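Chain by chain, the residues:
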Amino acid sequence: MDLIHTPGVAGLLSLLLLLWPVPPCQAQSVVKFSLPEEQPPNTLIGNPGETLGLDKINRLFKLEIGTPYLRVDETGGNLYTTETPIDREEMNCERPLECFLEFEVSVTNTLFNSVPILMEGKIHILDINDNTPSFSSPVISISIPEHTTAGTIVNIPTATDRDAGTNGVASYELLGNEAHGLFSLQVAEEHGEKLPQLIVTGHLDREQRDTYDLTIRVVDGGKPSRASTAILRITVLDINDNAPKFERSSYEGTVEENSPVGTSILQVRANDLDLGDNSQIEYTFAQAAESARRLLRLDKSSGWITVQGPVDREQINQFRFFVHARDKAPIPKQDRAAVTITVRDKNDNAPTIEIRGIGLVTHKDGVANIDEDVPVDSPVALVQVSDRDEGENAAVTCIVAGDVPFQLKPASEPSSERKKKFFLQTTTPLDYESVQDYLIEVVAVDSGNPPLSSSNTLKVQVVDVNDNPPIFTQNVIRVSIHENNQPYIPIVKVEATDADSGSNAELAYSLQPDPSISGLFDIDADTGEIRVNTILDRELKEHYEFKVAAADKGTPSLKGTATVVVSVLDENDNDPKFMLNSYSFSVRENLPPSSPVGMVTVSDADKDMNAQISLFVDPDNGEFEIQNGTGTILSRVSFDRERQSTYTFQLKAIDSGNPPRSAYVSVTINVLDENDNTPVITQPSNSSFQHINPLAQIGTSVEQVKAEDMDIGTNANLTYSIVGGNPFGLFHISHDGSILLDKEISRRHYGLHRLVVRVKDGGTPSRFATALVHIYVNDTMGNVSQVEALVGHSLNTPLDVDIAGDPEYEKSKQRSNVLFGVIAGIIAVILVIVIVVLIRYCRQKEAKSGYQAGKKENKDLYAPKQTNKNAKHKIKKNKPPKPTKPLEDDETGTQRGLQFNLINESSSDSPRIHLPLNCNPGSPDLGRHYRSNSPLPSIQLHPQSPTAGKKHQVVQDLPATNTFVGTGDNNSTGSDQYSDCSYKTNPPKYNKQICDDKHEINQLKICPVIVTLKMRGEVQLAAI
């Protein structure tokens, strides 16, 4: 393999890459299995073919990559382990937890010479707990200054375990009682690593004891677990106050591979607050791999990390280690920091090209043999191109140089840019007679700057075979023959040629096996003449297509084929045929004329003119017509099912053959019903009525509603419902139209009831009719004419007005209630007034004082009675003097108690009553009584009173508060002026208070009166 890196060659390769077409990628799934390490030989891993759904029949499986750890069953495709054990710890795993073993299996179809299938896969090697964790030394020494504060944490060197994951280091512990209560152990975790840390829990005194030997145990997480122990030797040192402290807990840096020795990468820095030697810091590697110590240098004083060996990213892509900073005190202290250095890639590796055999094609000494008759795109070799660099430096382009009939085609989707696989395939058929061998050069160029390239060659030798099959002069041979032919007559002769010579060009003709022509045709093997052996019928089969073959006598024999198409010509030997023996169509009524009512299908097994059919209505009575071509029957009339529900006629079909042939078929048209008729109510009539006795039982049938519908089916399904006139819910109607009594009849139900009954059909949309059902509820039917008059009135009453029972029943009930209330009120008023009069009369009699009515009408309306000589009442001295009046002789001694004056008010025609302010003690305070107890709106004294005199007439109107209104001292006062007057009956003397027009009247005593009543609340008062 040549490594090309000169600028001239690089430019030429770049030009080739631009001009040479790159084949498209072919996506291929990657099969993945998992297998624990250290499995015994012949352990079944899986079947890649079954995983991808490949058929195992006639397949050859070959392991291309995976030896010596794997083998594959050549016929079944199962993948097994071998005698070489798979040890995960010995494998070069990119990541500790992801360790894969790659394999490739090619699948070749042994029956057909097709392109092999390349299956790529990965086996995830699972870790088993086959390694015991261990410390780097059986004795681990650490130093701790005396008087170290309790709780101080001291790092302990970690143990290592070649296993990974849960099988790796899981925990640490101190064994026994050697710690003496001075130390304890805790386990921290940093970057996924378990870190043992010693904690000082007591007081350390070097003078008492300067060394402690403890046993530390490390255990992994496997099942079963593995463990080992070591001696942890603790030396107690003198005090060093301050430990060095790194500026950062972790450092990260990068370095380019192949960097010269001395290249600086990064600097770690720590500080110590002590003075003198205690502050002098020395840097050392800690827990660093051998490769890091070999390739990197750590300056002990400055902390600079530099390159001291050849750094190759392809070998080590990252360094991870710890750095200790330790002071130079007699009892040194230290700190630790993590360092990660990533190696950057440099384009220092040219692509690698590996060419090997694939499938049935084997390679020997860089030579591949292939038959000249392999199909195009047949793989000759598998080309694997890889580049150890990464990124753009690993992006490789691969081409075939030169003008050869071969190309590269991706064998699978690359798992990374660093490794690609291609099939080296033929692009054109190979011909031994033209070219016997080819020298193929494969060139690969990466994308680095500058690019690197490499090449590899393969010699392909073409093996001669009988690769020229016979060829017919025509690929498709067409011949025609009339049906009803004579048997055993020749129809055509075929001819083929062969480009080969000798026996490879001698031909033998045959018909390819075909069940569809078995016994119908045969061929002469030498001449190629084809004959028909039977009578053909075009109606059974119009075309016969079969293969004729010409085979040479080479080894192996090749043959060519041609297609023979025999067309059978038609003769008019078949009558037209309707699809059905008879047709029956259904149409809806009211369909307008010229509407389609049905379609018939007629066919003729013949073709062309012999199959052209004309249709006619037979007999043609003008009701229907038929369209030729579509077979659609059109109506010439409008259908009415109620008039005619069925039409029957015949159709005649005539073909255009010579002579013509015909056929007949019967057609029946059934007219379907539409909901075009409204239900008709036949019973009862709207003007009729039914009588029902109030004593009828619930469920008694009152009336039967009957209706008819000229439609049929659901359009004639009638439903009955009461939609109005049943406010009491007294009746209901059944599904058959029977009106039944639903409640007991009460007095308010007496009279005429008008039910609005709706009869609706089941059509869509539905139609309905409305009937009025009159029911007369009464004990007897004494006056039929009156009921008929009520029915007549009902017919003129809107349907939304309910007619049910006696309409005056509720009104009369309400009027009766009002009347009873009024009468009760009047009686109550009368009783109150009578009681009041009786009480006053009794009091007057007991006091032996009172008033009598004047005997003459020309005297004053009210005249005071003669004062009893034995009366104990006296008039106060401050009483104003009585006005002097001329009195008649018979009245001189009687007017002492009261004086009445008449004053005509300008605002009223009725004279007011002027009462003196002194009343006998026995006189009741009628003003107060009527103001509080009288139910009447007012009390008036009319001159029409039978006890009133002609000379004095007084009418008194009571205000709304049932109080008296009168005048005294020429001033009009209200009853409130009198309501505060008081009287005493027991004292021997009584006082009378004089009220003038500047003060309110506080007391008013009204003498007994006679009360007369009128019906409408008028009250008349007359003085006795």
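For the structure, see preceding data.
Residues numbered from 1 in each chain as written. Predicted model: local features only at pLDDT ≥ 70, side-chain atom pairs only at ≥ 80, totals over all residues. Heavy atoms only, no water.

## Brief notes about helix 4 (residues 784-795)
Formally: Helix numbers and strand numbers start at the N terminus; a helix is a DSSP run of H or I with at least 4 residues, a strand a run of E with at least 2. Expected helix span is computed as 1.5 Å times (number of residues minus one). Only heavy atoms matter for contacts: two residues are in contact if any of them lie within 4.5 Å across the pair.
Compared with the 16 Å implied by 1.5 Å per residue over 12 residues, the 17 Å span of helix 4 between its first and last C-alpha is a close match. Tucked into the core, helix 4 has its buried residues touching strand 53 (689-692), strand 59 (751-760) and strand 60 (768-777).

## What about unusual backbone geometry?
Selection rule: Exposure is judged per residue with a 1.4 Å probe applied to protein chains only, and the accessible area is read against the type maximum: over 50% gives exposed, under 20% gives buried, and values in between give partly exposed.
A cis amide bond links Lys223 with the next residue in sequence, Pro224, at an omega value of 0°. Between Thr555 and Pro556 the backbone carries a cis peptide bond, its omega angle lying at -5°. Locating Pro556 in the fold gives a position in the loop between strand 41 (543-551) and strand 42 (559-569). Its identity as a non-glycine residue notwithstanding, Asn58 has a phi of 55°, on the positive side. Positionally, Asn58 belongs in the loop between helix 2 (48-52) and strand 4 (59-65). The residue Asp377 is not glycine, and still its phi comes out positive at about 70°. Of note, Asp377 is situated in the loop between strand 27 (367-371) and strand 28 (379-386). A relative accessible area of 31% means that Asp377 is categorised as partly exposed.

## Observations concerning the nonpolar core
Using the following cut-off: As used here, the term nonpolar core means buried Ala, Val, Leu, Ile, Met, Phe, Trp, Tyr and Cys residues forming a set that is joined through side-chain atoms within 4.5 Å.
Formed by 27 residues in total, the largest nonpolar core has its most connected members in Phe319, Phe321 and Ile341. If near-sequence neighbours (up to four positions away) are discounted, Phe321 is found in contact with Phe285, Ala286, Gln287, Ala288, Ala292, Leu296, Ile305, Ala337, Ala338, Val339 and Ile341. The next biggest cluster of nonpolar side chains, apart from the first, holds 26 residues, and it includes Ala368, Val380, Val400 and Val460.

## Examining the sheet that holds strand 25 (residues 352-356)
In plain terms, the rule: Only strands joined by at least two bridges in the DSSP assignment are considered to pair. An axis is simply a line fitted to the C-alpha atoms; with a helix, the fit covers only the stretch in contact. Between two such axes, the angle follows the N-to-C directions and lies from 0 to 180 degrees.
If you trace the four strands from one edge of the open sheet to the other, you get 25-28-31-30, paired in antiparallel fashion. Whereas interior strands pair on both sides, the edge strands pair on one side only; in this sheet they are strand 25 and strand 30 (406-410). Strand-to-strand twist of the sheet, defined as the mean angle between neighbouring strand axes without regard to direction, takes the value 30°.

## Regarding the pairing of strand 8 (residues 117-126)
Relative to strand 8, strand 2 (residues 30-36) is paired through seven bridges, and the arrangement is parallel. Bridge assignment links Phe33 to a residue of strand 8, and that residue is Ile123. Strand direction decides the pairing type here: strand 7 (residues 100-109) and strand 8, joined by eight bridges, are antiparallel. Pairing of Ser106 across the sheet is with Leu118, part of strand 8.

## Digging into the packing of aromatic side chains
Threshold: Pairing of aromatic rings covers Phe, Tyr and the six-membered ring of Trp, with a centre-to-centre limit of 6.5 Å; geometry is then stacked below 30 degrees between planes, edge-to-face above 60, and tilted otherwise. Counted as over-ring charges are cases with an Arg CZ or a Lys NZ within 6 Å of the ring centre that also lie within 35 degrees of the ring normal.
Going through the model one piece at a time under the given rule, you end up with 16 aromatic pairs. Ring plane angle 75° and centroid distance 5.1 Å describe the contact between Phe285 and Phe321, whose orientation is recorded as edge-to-face. Separated by 36 residues along the polypeptide, Phe285 in strand 20 (residues 281-286) and Phe321 in strand 23 (residues 318-327) bring together distant segments of the chain. This pair shows no difference in class: Phe285 is buried, exactly as Phe321 is. Between Phe639 and Tyr647, the ring centres sit 5.4 Å apart and the planes meet at 65°, which makes this aromatic pair edge-to-face. Residue class for Phe639 comes out buried when judged on its relative accessible area of 1%. Clustering of aromatic rings is evident, with ring pairs tying together Phe624, Phe639, Tyr647 and Phe649. Across from the ring centre of Tyr750, 4.9 Å away, lies the NZ or CZ of Arg747, which sits over that ring. The ring of Phe768 is capped by Arg758, whose NZ or CZ atom sits 4.3 Å from the centre of that ring.

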